[in-house]
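Residues per chain, in single letters:
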Amino acid sequence: MTSEPQRLQYLEAMGLTAWVSRYVLPNARSTPACDWELPEAAPEADHGERLHALLEEAREQPAAPRPEAPTQERAARPPRPGKARAALLGDNPPSTEPDSGAEETAELAAQAPGEALRFAFQVACLEGRWLLVLPGEQAPGRPQLMLLANLLRAAGIDSPLPVFQDFRWPLQEGLPVHEPLEEAREGLKAFIAGASRRGWAPCRLLMFGQDDILGRVLSLEGGHCPLFDLPAWQSPSLSELSASADAKRALLPQLLELGAAWRDAAGEVSDDR
C-alpha cells in the first residue's frame, strides 16, 4: 500500500501540485462530516447467563484420566484447568501455540525500510514523439547540443532540438523505502505520464550514454524498454562521441536506421489524420 508521502512524491513526479489547507479562515463554513451508520451492537448477556455458559463448557471438558501411580512430577504440577474453569477461577492457562518469535523477526526484517536508488538524467521529447535521455546530473552544454543536432541531421531528422529538463530520484529525502527498484520505476512512470499534459506522447526512447542504476530501472534489452513498452536505442555518450571520430563513423549506420524509423512514424501519423 502506498503511503501518503510516497503518493505526494508520485504526484510531484507527474507535475501535479497537492494542495493541503494550512490555516482555518475566520467565519469559513466547516467541512461537512460524513455520517456513517454503525452496526448495532449485540445485546450483552447478563451475569447469570455468562455463568451458566461457563458451567456448561466446564461440564463438556473430558475428565482427566486417573494416574496409575502418582509421581513427584505429577504431584508438583496440578492439572491445567479448561477455558471455562480458568475464566471462573481467574487462572491463565499456558499457551499451547508454538513460539512464533523467529517468524515475526523474519517478517520485520522483510518489512524494514531500505535505501532508495539514486540516479539523475536529462530528458527531452523530440516533437513530442521520441524521448531523448542523457544520463547524469549535469545539463548538456552548447557543444553537446550542437553534436546532438548534427547526429539527428545526419539521420535525416530535420527538427529543432527540444529543451532538456532534469529528473532526479528520489524526489524527496528521508521517505521510507521498501521496494527501491519498483518505487523508482513507479516514480519514473509517473513523471512520463505527467509530461503527457505538455504534449508528450513518446513512441521511442533514445539514450546517449549509460548509467548502471538507470539501466536497472529502464532495463533496456534487445532494443526494447519494458518499463514504457517502447522500442529503445542506446549509443555512447555525447562526450564520448565528441572525442572520437571512429565512434561517430561506427554510429552512422544506426543513425540511418533511426532516420528511416522517424519517417515511417511520421507517415503513419499523416495517414491517421
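Residues numbered from 1 in each chain as written. Predicted model: local features only at pLDDT ≥ 70, side-chain atom pairs only at ≥ 80, totals over all residues. Heavy atoms only, no water.

**Q** Would you mind showing me how to read the nonpolar core here?
**A** Within soluble globular proteins, side chains that are nonpolar tend to cluster in buried spots. Counting 25 residues, the largest nonpolar core has Phe119, Phe121, Leu188, Leu218 and Phe228 as the members making the most contacts within it. In terms of residue count, the dominant contributor to this core is helix α7 (residues 180-195) (5 residues). Other than its neighbours up to four places away in sequence, Phe119 contacts Phe167, Arg168, Trp169, Ala184, Asp211, Ile213, Leu214 and Val217. With 23 residues, the next largest nonpolar core counts Leu152, Ala155, Ile157 and Leu241 among its residues. (Core = buried A, V, L, I, M, F, W, Y, C linked by side-chain atoms within 4.5 Å. Buried < 20%, exposed > 50% of the residue type's maximum accessible area, 1.4 Å probe, protein only. Helix = DSSP H or I, 4+ residues; strand = E, 2+ residues; numbered from the N terminus. Contact = heavy atoms within 4.5 Å.)

**Q** Which parts of the structure should I look at to understand the environment of Leu206?
**A** Note on placement: Leu206 falls in strand β4 (residues 204-208). Distance in space between the C-alpha atoms of Leu206 and Pro231 is 8.8 Å, their sequence separation being 25 residues. Setting aside residues no more than four positions away along its own chain, Leu206 makes contact with Trp130, Leu131, Leu132, Val133, Trp233 and Leu258.

**Q** Is there a simple way to explain the pattern of salt bridges in this structure?
**A** Where charged atoms of side chains with opposite charge meet at close range, the side chains can pair. Within this structure, the stated rule accounts for 6 salt bridges. Linking Glu127 and Arg129 is a salt bridge whose minimum nitrogen-to-oxygen distance equals 3.3 Å. Owing to a relative accessible area of 13%, Arg129 belongs among the buried residues under this scheme. By sharing partners, the salt bridges in this structure join Glu137, Asp166 and Arg168 into a single network. (Salt bridge = Lys/Arg side-chain N within 4 Å of Asp/Glu carboxyl O.)

**Q** Mind showing me how you'd approach the sheet that holds strand β2 (residues 130-135) here?
**A** The sheet built from 6 strands is open, its strands ordered β3-β1-β2-β4-β6-β5 with mixed pairing. Looking along the sheet, the strands with just one partner apiece sit at the ends: β3 (165-169) and β5 (224-225). Bridging between β4 and strand β6 (residues 230-235) involves 4 bridges; their strand directions are parallel. Within β6, the residue paired with Phe208 across the bridge is Ser235. Against the sheet, α7 engages β1 (119-126), β2 and β3, with an angle of about 155° to β3. (Pairing = 2+ DSSP bridges. Axes fitted to C-alpha atoms, helices over the stretch in contact; angles between N-to-C directions.)

**Q** Teacher, can you tell me more about helix α6 (residues 142-154) here?
**A** An α-helical segment advances 3.6 residues per turn. Residues three or four places apart therefore align on the same side. Taking 1.5 Å of rise per residue, the 13 residues of α6 would be expected to cover 18 Å, and the 18 Å separating its terminal C-alpha atoms lies within 8% of that figure. Turning to α6, its buried residues are Leu147, Leu148, Leu151 and Leu152. Across the axial projection of α6, the buried residues extend over an arc of 135°, all falling on one side. When the buried face of α6 is taken as reference, the exposed residues oriented beyond 90 degrees from it are Arg142, Pro143 and Arg153. (Expected span 1.5 Å × (residues − 1). Arc of directions from axis to C-beta.)

**Q** Explain the packing of aromatic side chains to me, please; I cannot follow it from the model alone.
**A** Each aromatic ring pair is summarised here by two numbers: the centre-to-centre distance and the angle between the ring planes. Evaluation of the coordinates by the stated rule reveals 8 aromatic pairs. An angle of 45° between the planes, with centres 4.8 Å apart, marks the rings of Phe167 and Phe191 as tilted. One end of the pair, Phe167, is in strand β3; the other, Phe191, is in helix α7, and 24 residues separate them in sequence. What makes Phe167 buried here is its relative accessible area of 3%. Judged by centre distance (5.4 Å) and plane angle (75°), the ring pair of Phe208 and Trp233 falls under edge-to-face. Here Phe208 is found in strand β4, whereas its partner Trp233 is found in strand β6, with 25 residues between them in sequence. Neither Phe208 nor Trp233 differs from the other in exposure class; each is buried. By way of ring pairs, the aromatic residues Phe119, Phe121, Phe167, Trp169, Phe191 and Trp200 are connected into one cluster. Sitting over the ring of Trp262, Arg129 keeps its end group 3.8 Å from the ring centre. (Phe/Tyr/Trp six-rings, centres within 6.5 Å; stacked < 30°, edge-to-face > 60°. Lys NZ or Arg CZ within 6 Å of the ring centre and 35° of its normal.)

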